[in-house]
Amino acid sequence: MSILNFANQFVCDLVAYEPGKPIEETARELGLDPDAIVKLASNENPLGPAPAAIEAMRNEASEVHIYPDGGGYKLRTALAEKHGVGIENVVLGNGSNEIIELLCHSFLNPEAELIAAEHAFVVYKLMATLFGAKYVEVADPDFIHDVDGMADAITENTRLVFIANPNNPTGTLVGQEALDRFMDRLPDHVVAVFDEAYYEFLEDAPDTLKYVREGKNVCVLRTFSKAYGLAGLRIGYGIASPQVASVLQKARQPFNANSMAQAAALAGMNDKQHVAKTLETNNAGLAFYEKAFAERGLEYVPSVANFVLVKVGDGDALFQAMLEKGVIVRAMRGYKLPDWVRISVGTQEENERCIEVLDQVMGG
Ligand SMILES: *Cc1c(COP(=O)(O)O)cnc(C)c1O
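Owing to the predicted nature of the structure, the values given are computational and were not obtained by experimental measurement. (Residues numbered from 1 in each chain as written. Predicted model: local features only at pLDDT ≥ 70, side-chain atom pairs only at ≥ 80, totals over all residues. Heavy atoms only, no water.)

Focus on the nonpolar core
So, point 1. Core analysis: the biggest nonpolar cluster contains 46 residues, and Phe182, Phe194 and Phe224 have the highest contact counts within it.
So, point 2. Examining the composition of this core, we find that four residues originate from one element, helix α8 (residues 176-184), more than from any other.
So, point 3. With near-sequence residues (within four places) excluded, phenylalanine 182 lies in contact with Val147, Met150, Ala151, Val161, Ile163 and Ala192.
So, point 4. In terms of nonpolar packing, the next biggest core, distinct from the first, is built from 39 residues, Cys104, Leu108, Phe131 and Phe143 among them. (Core = buried A, V, L, I, M, F, W, Y, C linked by side-chain atoms within 4.5 Å. Buried < 20%, exposed > 50% of the residue type's maximum accessible area, 1.4 Å probe, protein only. Helix = DSSP H or I, 4+ residues; strand = E, 2+ residues; numbered from the N terminus. Contact = heavy atoms within 4.5 Å.)

Structural data, given as structure tokens:
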């Protein structure tokens, strides 16, 4: 008998998360020059890390024989100050993905339910499955979260409701009024999670930290992976009401946020110039793609983030054909969107290359 018969069935049943295809792997498999490959598949910052963060990492490098500050005092203090909350509200994570896991660890079990939107970030479903909980999907007409429908779906077994705002892969945002209406209906036995990985890209961002300050059962997720360009370090955070934060702190490993990551995040969060340049590049890139898609008669979902979802016919085939020409995009079959691909906004040069290859591939 196989050892797998003794593993938890709900873990064996998991379909593992499929990340954007790495540049090195693509180069190896297709015999391409890695420097010539354009990766627009994981919503990374095309300008790289903030210069201040690189400098901080250099300084930290000679100290990595010492364990990190497990309490993350400096970074949590700085984040608390920046967001107008207390240090007790801030939980660091090995990427904000870890905070998602800590929330599930803390609140899910085989009787519990997690609610998310039909085309929500796929990690919520993976995590619900990993903890044997019931995953409840609410339809999102026009790819916009229906938060009223999500409130309707709450039962006595619901513990977590995830609202990705803006959502990945759709790039759509739910506004303040709808969120306020949702929060007014949130019962005491449910935690509302606002996943705001793309917050920095928003011009008119809804305020969800006010719910934390009001002491509601809320966790707001932010990350250094996107606008701050530190995806490889794995550093993100949750801002939660003190009770929610206290249980998340118990669920994490003692040194989950490493010392390089803490140092880089602390320096990067104050590099306003880098973030401003990132937003400028992104806004120009989004406009470029939307114009290019419109000119080609391709349906797309208007995005407020750093990526855009576009309908291309057979998404897997387009992904493969573009890959062979050195441009990596993301096929969306895993999101039940087999006709679509998601393209991350790159530098102007990368965006132009992407459309050039898209034309070559779709034209013939
Ligand atoms: C990219 C992304 C994250 C960030 O993940 P990290 O673990 O912080 O790198 C979280 N949520 C969504 C919806 C994302 O797209």
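Back to the write-up after that little detour.
Overview of the environment of glycine 84
So, point 1. Relative to the elements of secondary structure, glycine 84 occurs in the loop between α4 (73-83) and β2 (90-93).
So, point 2. Considered as a pair, glycine 84 and glutamate 200 are 116 residues apart in the sequence and their alpha carbons are 16 Å apart.

Regarding the domain arrangement of the protein
So, point 1. Splitting the protein by domain gives domain 1 (3-48 + 272-363) and domain 2 (51-268).
So, point 2. Computed over C-alpha atoms, the centres of domain 1 and domain 2 are 23 Å apart.
So, point 3. If you look at the interface, domain 1 gives 30 residues, while domain 2 gives 31 residues.
So, point 4. Of the roughly 2500 Å² buried at the junction of domain 1 and domain 2 (both faces included), carbon and sulfur atoms supply 69%.
So, point 5. Three residues stand out in domain 1 for area buried against domain 2, namely Phe10, Val304 and Tyr335, and they jointly supply 22% of the buried area on that side.
So, point 6. Where domain 1 meets domain 2, there are one salt bridge.
So, point 7. Where glutamate 137 meets lysine 336, a salt bridge forms, and the shortest distance between an N and an O atom there is 2.7 Å.
So, point 8. Counting across the domain 1 and domain 2 interface gives six residue pairs in polar contact (both at pLDDT 80 or more).
So, point 9. Looking at the side of domain 1 that touches domain 2, the elements with two or more residues in it are α1 (9-12), α12 (272-295), β10 (307-311) and β13 (340-344). (Domains from an automatic or database assignment. Buried area = accessible area lost by both parts, 1.4 Å probe. Salt bridge = Lys/Arg side-chain N within 4 Å of Asp/Glu carboxyl O. Polar contact = N/O pair within 3.5 Å; in protein donor to acceptor, adjacent residues only side chain to side chain.)

Quick notes on the site of the ligand
So, point 1. Every residue close to the ligand is listed here: Gly95, Ser96, Asn97, Phe121, Asn168, Asp195, Ala197, Tyr198, Thr223, Ser225, Lys226 and Arg234.
So, point 2. Taking aspartate 195, its side chain carries an N or O atom lying 2.7 Å from a nitrogen atom of the ligand.
So, point 3. Taking lysine 226, its side chain carries an N or O atom lying 3.4 Å from an oxygen atom of the ligand.
So, point 4. Within the complex, 94% of the 390 Å² of free accessible area of the ligand lies under protein.
So, point 5. The residue makeup of the shell around the ligand, split by class, is three nonpolar, six polar and three charged. (Near = heavy atom within 4 Å. Areas by Shrake-Rupley, 256 points an atom, 1.4 Å probe, with all protein chains shown as cover. Nonpolar A, V, L, I, M, F, W, Y, C, P; charged D, E, K, R; others polar.)

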